[in-house]
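What follows is the residue order along each chain.
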Protein chains: 2
Amino acid sequence: MEARSTAAKVLVVGGTHGNERNAAWLVESWRRHPARLRRGGLALELVIGNPAAHAAGRRYLERDLNRCFHTDLLADPGRRELEVDRARELLDRHGPAAADPCAVVLDLHSTTAAMGCCLVVYGRRPEDLALAAALQGRLGLPIYLHEGDPSQSGFLVERWPCGLVVEVGPVPQGLVQAAICRQTSLAVEAALDLLAAARRGDLRLPPRLVVHRHLGSLDLPRQADGAPAAVVHPLRQHRDWQPLAAGDPLFLDPDGVSLPYRPPPELEGEPVWAVFINEAAYGEKGIALSLTRREIWPVEEGWGRALADLAAGLKGEEQLLPPG
Amino acid sequence: MEARSTAAKVLVVGGTHGNERNAAWLVESWRRHPARLRRGGLALELVIGNPAAHAAGRRYLERDLNRCFHTDLLADPGRRELEVDRARELLDRHGPAAADPCAVVLDLHSTTAAMGCCLVVYGRRPEDLALAAALQGRLGLPIYLHEGDPSQSGFLVERWPCGLVVEVGPVPQGLVQAAICRQTSLAVEAALDLLAAARRGDLRLPPRLVVHRHLGSLDLPRQADGAPAAVVHPLRQHRDWQPLAAGDPLFLDPDGVSLPYRPPPELEGEPVWAVFINEAAYGEKGIALSLTRREIWPVEEGWGRALADLAAGLKGEEQLLPPG
């Protein structure tokens, strides 16, 4: 069968950030006992994203791996940070142009913010939107649509033809919690089911998609020396996906004074929803929370066709060579 | 006044572990604006325990600072790990024999376990038990009595004549949360009030003290290669301070099978209470949770006298030299 030689796998990545342990725990468990994962009949590649950072228990060693997937950066032979090299290696081994390619990637993350189980979509590729819409239809997951933010770019999933981030929280860094693992594996199994349906040509998409479009991020108030001058207000902590109105308590200063949300000029009068509130890893990026706009989109027919075309090229488990 | 030259301060330490940010945030805020802390009229020394690890956002760089305070280790000139040197420096500057000594230390920690706000007492020094009993009487804080565990020793507070750990959770590492800061500062302010009362000679202790005595710790089940073979059971997660009976679900394996609590032989038939369930930093120490026995002790008169004698030597704020 001609298709076999070029048919692609689904890449499932855990531990892209070395201190996010839940997905890495799952990936290691699935590698040891593949039957533990309902694969929907698809051939998978199960990978620890950043093994060196995972071993060190740190988000990254030299550079955030999930900000390394810029084509320019990867093509620059002078850039040899450990994570840039790892990004190249992942693409060489499992990228869409690899000898044994992957066409879809699920990149599994966790967060200290109370995001629940959700999807992060980068940009508006029809394949991504189709898979996200199908997952939202199946499991009700909220979707954070990350686009138009030049300060945050180079994400892993962008280098594969179709890819989503599954993000689950709240969970501390460095810790495995059973409930977080369960939520993650439910999302992965549903995604594989839906990709298998798309491969068979019988994926049904819901009529609408609810997205939370990234508008921008807010930093903590800062002192002259750059140190934080306040913390996230206790009434805002753990309130991800909830609307934030002008005047709502947002930060709390050390004297106990509430600092209310004041919309930046470009968002004046605009209803916003907050996400990634007080994510531990974003402090260094100057992000205390991000602001989104909630939108309801009709699902376009072309999305489902694009995903079906892509999924038709996916390899089934039965096409895997026996080991050895 | 003769006493002035030898009168001692109270040492308040945050950031003994560099990724526990809440107390460090408080200490920095109190140093900047001392009036933010109700000091009970006492002269304080406010210190970041491990500034290098704090700057790196890691628990420690070379060795856990809060396991470095062994007299033998500190006296060994061959041991020059960064944290061992820092322990020596803290003692040289603020120890009981320093030129400007501290006689009491409050060491402020946070945990990913759902411990609430609690006290950790090391051993049975009467001064510590008096202060812990007074704090429990004032705020109802549970007390974890850590003793008789040769695998866990060298704690900071042990090198001062009186010292308690204030431990607050759950909070992720690397993160400041307003509610955690509030719980921590309430405990510190109450402790300073009570020490001031002891200094005036009018500290009243409650008649009884409830302690949870350390009995031992349990590791996760492990595979032959040392990797974890299970996680903390979701019904056990966040259930710190609650009783654990033989047969209760304790761990969950990757196939979803519950592994019940089986008491070790020496604890057969003994009711136990679990603490520090799934603390992120204890994975490397092979501790998934610790087991304690709940005991109700009569408060001994000698404890209050011992604390009053010590507190009589504390310096008041009015004895501080004006700055400059």
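Residues numbered from 1 in each chain as written. Chains lettered and ligands numbered in written order. Predicted model: local features only at pLDDT ≥ 70, side-chain atom pairs only at ≥ 80, totals over all residues. Heavy atoms only, no water.

To continue, consider the overall build of chain A. Helix and strand counts for chain A come out as eight helices and 13 strands. Scaling as 2.2 N^0.38, a compact globule of 324 residues should have a C-alpha radius of gyration of about 20 Å, and chain A matches this with 20 Å. By principal-axis analysis of the C-alpha atoms, chain A measures approximately 70 × 45 × 40 Å. Counting only contacts in chain A whose residues sit at least 6 apart along the sequence, the fraction spanning at least 24 positions is 72%. Counting every atom, chain A has about 13,100 Å² of accessible surface; 52% of that belongs to carbon and sulfur. Positive and negative side-chain charges of chain A, numbering 36 and 41 respectively, have mean locations separated by a distance of 5 Å. (Helix = DSSP H or I, 4+ residues; strand = E, 2+ residues; numbered from the N terminus. Rg over C-alpha atoms; globule rule 2.2 N^0.38 Å. Contact = heavy atoms within 4.5 Å. Areas by Shrake-Rupley, 256 points an atom, 1.4 Å probe, with all protein chains shown as cover. Lys, Arg positive; Asp, Glu negative; His and termini not counted. Charge placed at Lys NZ, Arg CZ, Asp CG, Glu CD.)

Along an α-helix, a turn takes 3.6 residues, which lines up residues three or four apart on a common side. Helix length check: helix H7 (residues 178–200) of chain B, at 23 residues, gives a terminal C-alpha distance of 33 Å against a target of 33 Å (1.5 Å per residue), a fit within 8%. A large share of H7(B) lies buried, amounting to 17 of its 23 residues. (Expected span 1.5 Å × (residues − 1). Buried < 20%, exposed > 50% of the residue type's maximum accessible area, 1.4 Å probe, protein only.)

Along any regular strand the residues' side chains alternate between the sheet's two faces. Residue and element names in this part refer to chain A. The sheet contact formed by strand E7 (residues 208–218) and strand E13 (residues 289–298) spans 10 bridges and is antiparallel. Each residue of the ladder has a partner; that of Val211, found in E13, is Glu295. Taken together, the three bridges between strand E12 (residues 272–275) and E13 define a ladder with antiparallel strand orientation. The residue bridging Trp273 from the neighbouring strand is Thr292, located in E13. (Pairing = 2+ DSSP bridges.)

Attention shifts here to the sheet that holds strand E3 (residues 102–110) of chain A. Residue and element names in this part refer to chain A. The sheet built from 10 strands is open, its strands ordered E2-E1-E3-E6-E4-E5-E7-E13-E12-E9 with mixed pairing. Edge positions in the sheet fall to strand E2 (44–48) and strand E9 (243–244), since each has one partner strand and no second. Each of strand E1 (9–14), E2 and E3 touches helix H2 (residues 21–32); the most contacted strand, E2, lies at about 130° to it. (Axes fitted to C-alpha atoms, helices over the stretch in contact; angles between N-to-C directions.)

Turning next to the pairing of E3(A). All names here are of chain A. Of all nine residues in E3, nine are buried, a share of seventy percent or more. Where E1 and E3 come together, six bridges link them in parallel fashion. What sits directly across from Val12, in E3, is Leu106.

Moving on, we get to the packing of aromatic side chains. Residue and element names in this part refer to chain B. Applying the stated criterion to the full structure yields eight aromatic pairs over all chains. On the numbers, 6.2 Å between centres and 55° between planes, the contact of Phe69 with Trp160 is tilted. Of this pair, Phe69 sits in the loop between helix H3 (51–56) and helix H4 (71–75) while Trp160 sits in the loop between strand E5 (143–146) and strand E6 (162–169); the two residues are 91 residues apart in sequence, bridging distant segments of the chain. Judged by its relative accessible area of 0%, Phe69 falls in the buried class. Geometrically, the ring pair formed by Phe276 and Tyr282 is tilted, given 5.5 Å between the ring centres and 50° between the ring planes. (Phe/Tyr/Trp six-rings, centres within 6.5 Å; stacked < 30°, edge-to-face > 60°.)

What follows deals with the sheet that holds strand E8 (residues 231–232) of chain A. If you trace the three strands from one edge of the open sheet to the other, you get E8-E10-E11 (chain A), paired in antiparallel fashion. Among the strands making up the open sheet, the edge pair consists of E8 and strand E11 (258–260) of chain A.

What follows deals with the confidence of the model for chain A. Considering every residue of chain A, the mean pLDDT works out to 95; 97% of them sit at 70 or more. Interface confidence for the predicted complex, given as ipTM, is 0.90, next to a pTM of 0.93. (pLDDT = per-residue confidence, 0-100.)

A full pass over the atoms with the stated rule returns 55 salt bridges over all chains. With a shortest N-O distance of 2.7 Å, Arg86(B) and Glu89(B) are connected by a salt bridge. With Arg86(B) and Glu89(B) both in helix H5 (residues 82–94) and three residues apart, the pair spans about one turn of that helix. With relative accessibility at 11%, the residue Arg86(B) sits in the buried group. For Arg125(B), the salt bridge is made with Asp128(B), and the minimal N-O distance between the two is 2.8 Å. Several salt bridges share partner residues, and in doing so they unite Arg124(A), Glu147(A), Arg213(A), Glu270(A), Arg293(A) and Glu295(A) into one network. (Salt bridge = Lys/Arg side-chain N within 4 Å of Asp/Glu carboxyl O.)

Here we take up the interface of chain B and chain A. Facing the 30 residues of chain B at the interface are 30 residues of chain A. Note on chain B versus chain A: buried area summed over both sides is about 2,300 Å², and carbon and sulfur give 59% of it. On inspection of chain B and its partner chain A, the count reaches two salt bridges. Two residues, Asp255(A) and Arg36(B), come together in a salt bridge whose shortest N-O distance is 2.7 Å. Scanning the region where chain B abuts chain A turns up six residue pairs in polar contact (both at pLDDT 80 or more). Of all elements in the fold, only helix H2 (21–32) and strand E8 (231–232) of chain B reach the threshold of two or more residues within the side of chain B that touches chain A. Broken down by class, the residue content of the side of chain B that touches chain A amounts to 15 nonpolar, nine polar and six charged. (Buried area = accessible area lost by both parts, 1.4 Å probe. Polar contact = N/O pair within 3.5 Å; in protein donor to acceptor, adjacent residues only side chain to side chain. Nonpolar A, V, L, I, M, F, W, Y, C, P; charged D, E, K, R; others polar.)

What follows is about the environment of Asp76(B). Looking at the element boundaries, Asp76(B) is found in the loop between H4 and H5. Expressed as a C-alpha distance, the spacing of Asp76(B) and Val121(B), which sit 45 residues apart in the sequence, is 27 Å.

What follows concerns the relation of the copies chain B and chain A. Relating the two copies of this chain is a rotation about some axis coupled with a shift parallel to it. Each copy superposes on the other: chain B lies on chain A with an RMSD of 0.0 Å after a rotation of 180° and an axial shift of 0.0 Å. In short, the pair behaves as if placed about a two-fold rotation axis. Measuring from the rotation axis to each C-alpha of chain B, the shortest distance belongs to Pro172(B), at 2.1 Å. (Least-squares fit on C-alpha atoms with pLDDT ≥ 70 in both.)

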